Amino acid sequence: MCHLDTYCKSTYTRRIANNECVRCGAQNDSSLRKCTKCRGLESIWRKNTRDRRRDQERRYKQSIYDQRICCHSRDSDTKMNRPVVEHSYITPSRIRMLRRLQRNKCLYCNQTLQVLNRRQPDGLTVERLRNYLPHNSDNVILCCHQCNVRRIGNKKNIGKTNLQIFYDIWCKYKLSGVPTREKKMDPLQREPLRFQPDIIV
Ligand SMILES: [Zn+2]
Ligand SMILES: [Zn+2]
């Protein structure tokens, strides 16, 4: 803990002990930790900055969409009693690699995917190929929200093994041509990607 933290903490506890407002240090006129005046000022601040703070939070959430997908997947697997095995489970870098391999397109309808609002029809979602298995790296592909909720994969993947599906993705990736900036890059290499919400990764 740094010196400043210790200082702030001791001030904080001293003010509570002396029944002072923890924000301004004046005698507290309420049973809460901050005085009426301070609470009023903070409420105005919250009101005035609501849009800015909401946008900040949204941008932050969008920038870590890959980590959020992994967390949500883990939650749903745990909830549905699908066993989560660490070494075979999806990772944020696996999601970014899939996004690159699929050229940021839905596997089923070729829609370009976005991560700004993933509940929109063209939002990026992960789909488990085998419904009885958890979100393992070899059981997950990317598709749009619409194809996911409509379970399009159930029809399109009939008779295919997961390996065949990934092989098809790989062939399609190679056939679709490699953009100049990616020419020297091994697509399987897990290179950290900077967040570019509107640009195909
Ligand atoms: Zn105060
Ligand atoms: Zn789709």
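Residues numbered from 1 in each chain as written. Chains lettered and ligands numbered in written order. Predicted model: local features only at pLDDT ≥ 70, side-chain atom pairs only at ≥ 80, totals over all residues.

*Asks:* Summarise the overall build of the protein chain; cite the residues concerned and give the values.
*Replies:* Counting its regular elements, the protein chain contains eight helices and two strands. Listed N to C, the secondary structure of the protein chain is α-α-α-α-α-β-β-α-α-α in terms of helices and strands. Considering the protein chain as a whole, with its 201 residues, one finds that 18% of them fall into the buried category. Pairs at least 24 apart in sequence give 51% of the contacts found in the protein chain among residues at least 6 apart. (Helix = DSSP H or I, 4+ residues; strand = E, 2+ residues; numbered from the N terminus. Buried ≥ 20, exposed ≤ 12 C-beta atoms within 10 Å, placed from the backbone. Contact = placed C-beta atoms within 7 Å.)

*Asks:* An account of the nonpolar core is requested, with residue identities and associated values reported.
*Replies:* One finds Cys106, Ile141, Leu142 and Cys143 to be the most contacted residues of the largest nonpolar core, which totals 19 residues. Of all the elements in the fold, those that place two or more residues in this core are helix H4 (65-79), helix H5 (92-101), strand E1 (124-128) and strand E2 (140-144). No other element matches E2, which puts five residues into this core. Residue contacts for Cys143: discarding those within four places in its chain leaves Cys106, Leu107, Tyr108, Thr125, Glu127, Asn148 and Gly153. (Core = buried A, V, L, I, M, F, W, Y, C linked by C-beta atoms within 7 Å.)

*Asks:* Describe the pairing of E1, naming the residues involved and giving the relevant values.
*Replies:* Within E1, four of the five residues are buried, which leaves it mostly tucked inside the rest of the structure. Here E1 runs beside E2; their pairing, made up of five bridges, is antiparallel. Residue pairing across strands places Leu124 opposite Cys144, the latter belonging to E2. (Pairing = 2+ DSSP bridges.)

*Asks:* So what's going on with the environment of Gly153? Which residues, and what values?
*Replies:* Among the secondary structure elements, Gly153 is positioned in helix H7 (residues 152-156). Note on Gly153: 20 C-beta atoms within 10 Å, which makes it buried. Remark: the alpha-carbon pair of Gly153 and Leu129, spanning 24 residues in sequence, is separated by 7.4 Å. Excluding its chain neighbours within four sequence positions, the residues that come into contact with Gly153 are Tyr108, Glu127, Leu129 and Cys143.

*Asks:* Residue-level account of the packing of H4 against H5, with values.
*Replies:* Relative to each other, H4 and H5 sit at 115°, their axes nearing to 8 Å. Judged by the sense of rotation from one axis to the other, the crossing of H4 with H5 is right-handed. Residues Asp66, Gln67, Ile69 and Cys70 of H4 form the contact with H5, whose participating residues are Pro92, Ile95 and Arg96. Looking at the contact of H4 with H5 residue by residue, the class counts come to four nonpolar, one polar and two charged. (Axes fitted to C-alpha atoms, helices over the stretch in contact; angles between N-to-C directions. Left-handed = near helix turned anticlockwise from the far one by under 90°. Nonpolar A, V, L, I, M, F, W, Y, C, P; charged D, E, K, R; others polar.)

*Asks:* If you had to explain H5 to someone new, which residues and values would you point to?
*Replies:* Quick reminder: α-helices carry 3.6 residues per turn. Residues three or four places apart thus point the same way. For H5, the full list of buried residues reads Arg94, Ile95, Met97, Leu98 and Arg99. Backbone geometry just after H5 places Arg103 at a positive phi near 50°.

*Asks:* Describe the environment of Tyr108, listing the residues and the values that go with them.
*Replies:* Looking at where Tyr108 falls in the secondary structure, it is placed in the loop between H5 and E1. C-alpha of Tyr108 to C-alpha of Cys143: the two residues are 35 residues apart in sequence and 6.7 Å apart in space. If near-sequence neighbours (up to four positions away) are discounted, Tyr108 is found in contact with Cys143, Cys147, Ile152, Gly153 and Lys156.

*Asks:* So what's going on with unusual backbone geometry? Residues and values would help.
*Replies:* Even without being a glycine, Asn81 presents a positive backbone phi close to 60°. Tracing the sequence through the fold places Asn81 in the loop between H4 and H5. Given 7 C-beta atoms within 10 Å, Asn81 falls into the exposed group. A positive phi angle, near 55°, is found at Asn104, a position not held by glycine. By the element assignment, Asn104 lies in the loop between H5 and E1.

Treat this as a map of the structure, not an account of what it does.
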